[in-house]
Amino acid sequence: MTAAGGALIAIEAVAKRYVTSSGPVDALDDVSLSVAEGEFCTLIGPSGCGKSTLLGMLGGLVTPDRGRLLVAGEPVTGPDPRRVATVFQDAGLFPWRTALENVEFGLELQGVPAERRRRTATELLGPLGLRGFGERYPRELSGGMKQRVAIGRALAIDARILLMDEPFGALDEQTRVLMGEWLLDIWRRTRKTVIFVTHSLHEALFLSTRVAVMTARPGRIKSVLELAMEYPRSMESPEMVALRAKLWSEIREESLRAMK
Amino acid sequence: MKVAVLRLALLVVLLAAWELAGRAANPLLAVPPSAVLPSLRDLLLLRSYPGLPASLWLTVQEIGVAYALAVAAGLGCGFALGMNRLLGRAWGPMIAALYAVPAVVWYPSLMLFFGLGAASKIAFGFLLGFFPITLAVLAGVRQVNPQLVLVARAYGAGVVTVFFRVMLPSMLFTLVGGLRTGLALSVIGVIVGEILGSKNGMGALINHAYGLLRTGDYVALVLVTLLLVVGSDVLASLLEHRARRWSD
Amino acid sequence: MRRIALALQLATVLAGLALWELAARAGWVDPLFIPAPSAVARALAAISGPALAGLGDTLAKTAAAYVLSVVLGVSAGLAVGSVRLLRDVLSPYVIALYGMPKILVLPWIVLLLGYGTAPAVFYGTLHGLFPILVLVTGAVRDVDRTLVTVARSLGATPWQLYWKVLLPAIVPSVLAGMRLGIVFCLLGVLVVEMFAGVRGMGYMMGSLANGFQAPELFAATALVSATSIAIVLGLDQLNERLSRWRG
């Protein structure tokens, strides 16, 4: 079920203000965006532009001061794991649970019987590239592996929407690139709607069907780029090079403003 | 601000509850704060226990001697074990194992050996204070960065210089923590020793008051003793701050 | 290095015992105050009946106090740790009570509860409660916030948050607290037995001291010490078994 216009996610004139010890801070101001089903939409912008806050709102963990967010036509009132799954920058794996038990966690919360969840989780290990690592504890896993477990945990509950808040931010360059390719493969197979927050232009251009550039604080949507190219994309094609330049000029302006 | 107010409120509520409970119950057993005040006054004016200053002084002396011995032995053993890797690895765990034994088991033996006088209290206070100090020194020496020692040696520093200029500052934090814990435990050791059997000192006075069911006096004596305990810890923390500033 | 250290430990113990035996026999120390190890061993055999009975009594009281300490300590720790206001208001009181020599209130407790088992269990609980409370409160306070956020985003109810996130996260601290707690409980029980007991090892050791029965006293002391070390070692093993994931 989608709202008028076929959008699965509708963000309408949303604003959020935080009260900090140094005074009130407007994180977001009049943000509007709509995302259709099956899209891979990236939010990119300078630090402090409110990307994580926006994601938090979609995930039901943060309430807007003004405006509203609609998922499948219904307003977001709290975490809804049937519809929305979130992956955070810190993998947040429970250290006392094995990789498999971590993947199962969301299903366990929903009361799915043990055998079924074990099966679902085990089946996911293959695509996650973690076959044979199911019984390992988080402290035995590398950074990239931990993030894959975290993503597996989000995939296991089979929500339509996947929110990802700089999931590869803590990884080194090479791992990031490989994880990006892997994520692309997963997305195309599972056909989820993804909202992806990143700082990386490479990731934005490589992965997304559209890129929303946010302004410096208070965050607004500055512009939206539609990317209709085929996957997998060549980052060297003239089209891509031009897009990259365009994207960079938009972001650069905002980054400079954020630095003042 | 809100927190401070609530803390004060809690204290007031507790005192009020104590007062009410005290008045309702058997006056011999429960002594409300209102009854403690006159006893405290009598005590401090030396009317109820004229021997108070002497007893207090004795207890303080016992603590002083016990602690001094604990520090000397603790520093000595701790450094010996810390500097010599083999000895440290052999005897360190044995000392730690003794920590798993409730110290009070040694007390009857100490009473048998030293009698009921001050000596057994000093011995017990020493025992209690010795272990945390030794273990802290041991841990402190272990955590000194060997690179720093190497660098100092490379610049021609002798053993004594290395000790005072490199090791001591590196481990000061752990050491002072251990010294402070040691003091707290020595104090407890002496007090426990006195209460479990002594003829003189604050513990003896407390037992005397309790034995005669003079509960008001008993509470007053406990308060004075508590003042001693808190005072020693405050002193220790002041010295700790001084030591910190000195090392920076 | 490790094996040499172990050998040295063994050698130290044996040499120490040998020296002690020699000193007692040669008369360097008064056997009335410091009996020879052989005399202690004989005494241990002689009093084994009443000693084991006394030990059983002490351990029973300790077990009761321990169960109470753990239950009260963990629940209070959970409550105080999770409510910020409670924690801030209560922490100076808790720290003060933790550091206070509780023996000062023992005469009053005995006055209220009499002699024997009740004051011992009460006082033992009082002693064992605080380290557990302090450790659990700290652990709850320090739970990784990300884990809570993750669980909430996956739709965890408050009950599920407690049961599946908070409790497992604080297990290491609970175990550390329990390890400290057992020694504290035993300590408390022994103190009461020495002060106002009619049974148990504390009472027994006090009587033996008064009767100048040094070999028997040393034997009893050794028995209690060995038991205590064994219990702590056992708990350490349990701790290790339950903490595989920590590495």
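Residues numbered from 1 in each chain as written. Chains lettered and ligands numbered in written order. Predicted model: local features only at pLDDT ≥ 70, side-chain atom pairs only at ≥ 80, totals over all residues.

Bringing unusual backbone geometry into the picture now. Excluding glycine, residues mostly have negative phi values, and the peptide bonds linking residues are mostly trans. All names here are of chain A. Looking along the chain, the bond that leaves Arg217 and enters Pro218 is cis, with omega of -5 degrees. Note that Pro218 resides in the loop between strand S9 (210-214) and strand S10 (221-226). Omega for the peptide link from Tyr231 to Pro232 comes to -15 degrees, which places this bond in the cis form. Here Pro232 is to be found in the loop between S10 and helix H7 (238-259). Even without being a glycine, Glu166 presents a positive backbone phi close to 45 degrees. Judged by local crowding, Glu166 falls into the buried class, with 20 C-beta atoms found within 10 Å. Even without being a glycine, Arg191 presents a positive backbone phi close to 60 degrees. Of note, Arg191 is situated in the loop between helix H5 (173-190) and strand S8 (193-198). For Arg191, a count of 9 C-beta atoms within 10 Å puts it in the exposed group. (Helix = DSSP H or I, 4+ residues; strand = E, 2+ residues; numbered from the N terminus. Buried ≥ 20, exposed ≤ 12 C-beta atoms within 10 Å, placed from the backbone.)

The next point concerns the interface of chain C and chain B. Taken together, the contact pairs 41 residues of chain C with 37 residues of chain B. Those elements that place two or more of their residues in the side of chain C that touches chain B are helix H1 (2-26), helix H3 (84-99), helix H4 (106-113), helix H7 (158-196), helix H8 (200-210) and helix H9 (214-242) of chain C. Considering each element in turn, the side of chain C that touches chain B owes the most residues, nine residues, to H9(C). (Contact = placed C-beta atoms within 7 Å.)

Moving on to the interface of chain C and chain A. Residue-level contacts link 13 residues of chain C with 17 residues of chain A. Top contributing element to the side of chain C that touches chain A by residue count: helix H6 (residues 145-153) of chain C, with six residues. A per-class count over the side of chain C that touches chain A returns six nonpolar, six polar and one charged. (Nonpolar A, V, L, I, M, F, W, Y, C, P; charged D, E, K, R; others polar.)

Turning our eyes to something else, we now look at the confidence of the model for chain C. Predicted confidence across chain C gives a mean pLDDT of 90, with 100% of residues reaching 70 or more. Under the prediction, the complex receives an ipTM of 0.87, its pTM being 0.81. (pLDDT = per-residue confidence, 0-100.)

Ile206(B), Leu221(B), Leu106(C), Val136(C), Leu190(C), Val191(C) and Ala220(C) are the most contacted members of the largest nonpolar core, which totals 118 residues. The biggest single contributor to this core is H7(C), with 16 residues. Excluding anything up to four places from it in sequence, Ala220(C) contacts Ala51(C), Met201(C), Met204(C), Met205(C) and Leu208(C). (Core = buried A, V, L, I, M, F, W, Y, C linked by C-beta atoms within 7 Å.)

What follows deals with the sheet that holds strand S2 (residues 23-36) of chain A. All names here are of chain A. Strand order in the open sheet made by the four strands is S2-S1-S4-S5, with antiparallel pairing throughout. Each end of this open sheet is capped by a strand with a single partner; those strands are S2 and strand S5 (74-75). Bridge count for strand S1 (residues 7-20) against strand S4 (residues 66-71) is five bridges, and the pairing is antiparallel. Following the sheet pairing, Ile11 is matched in S4 by Leu69. Sheet strands in contact with helix H1 (residues 51-58) are S1, S2 and S4, and its direction is about 60 degrees off that of S2. (Pairing = 2+ DSSP bridges. Axes fitted to C-alpha atoms, helices over the stretch in contact; angles between N-to-C directions.)

What follows covers the pairing of strand S3 (residues 40-44) of chain A. Residues and elements named next belong to chain A. Across the five residues that make up S3, a large majority, five, are buried. On S3, burial covers both faces: Phe40, Thr42 and Ile44 on one face and Cys41 and Leu43 on the other are all buried. In terms of strand pairing, S3 meets S8 through five bridges, oriented parallel. By the bridge assignment, Phe40 is partnered in S8 with Val194. Of the pairings in the sheet, the one linking S3 to S9 comprises four bridges and is parallel in character.

On to the sheet that holds S9(A). Residue and element names in this part refer to chain A. Ordered by their spatial adjacency, six strands build an open sheet running S6-S7-S8-S3-S9-S10, and the pairing between neighbours is mixed. Each having just a single partner strand, strand S6 (84-87) and S10 make up the two edges of the open sheet. The average angle at which neighbouring strand axes cross in this sheet is 15 degrees, direction not considered. Against the sheet, H7 touches S3, S9 and S10, its axis set at about 170 degrees to S10.

By number of contacts, the leading pair among the two pairs of chains in contact is chains B and C. Contact between chain A and chain B is absent, and the minimum C-alpha spacing across the pair is 16 Å.

This next bit is on H8(C). In terms of burial, H8(C) is largely enclosed, as nine of its eleven residues are buried. Check the buried side of H8(C) and you find it contacts helix H5 (107-114) of chain B together with helix H2 (37-82), H7 and H9 of chain C. Two residues or fewer past H8(C), Phe212(C) is found with a positive phi of approximately 55 degrees.

Attention now moves to the packing of H7(C) against H8(C). All names here are of chain C. Put simply, H7 and H8 touch, their axes get as near as 7 Å, and they point 45 degrees apart. The pairing of H7 with H8 is recorded here as oblique in orientation. Relative to H8, H7 is oriented so that their crossing is right-handed. Residue-level inspection shows Val189, Leu190, Val191, Val192, Glu193 and Met194 of H7 in contact with H8, the latter providing Gly200, Met201, Gly202, Tyr203, Met205 and Gly206. (Parallel < 35°, antiparallel > 145°, perpendicular 65-115°, else oblique. Left-handed = near helix turned anticlockwise from the far one by under 90°.)

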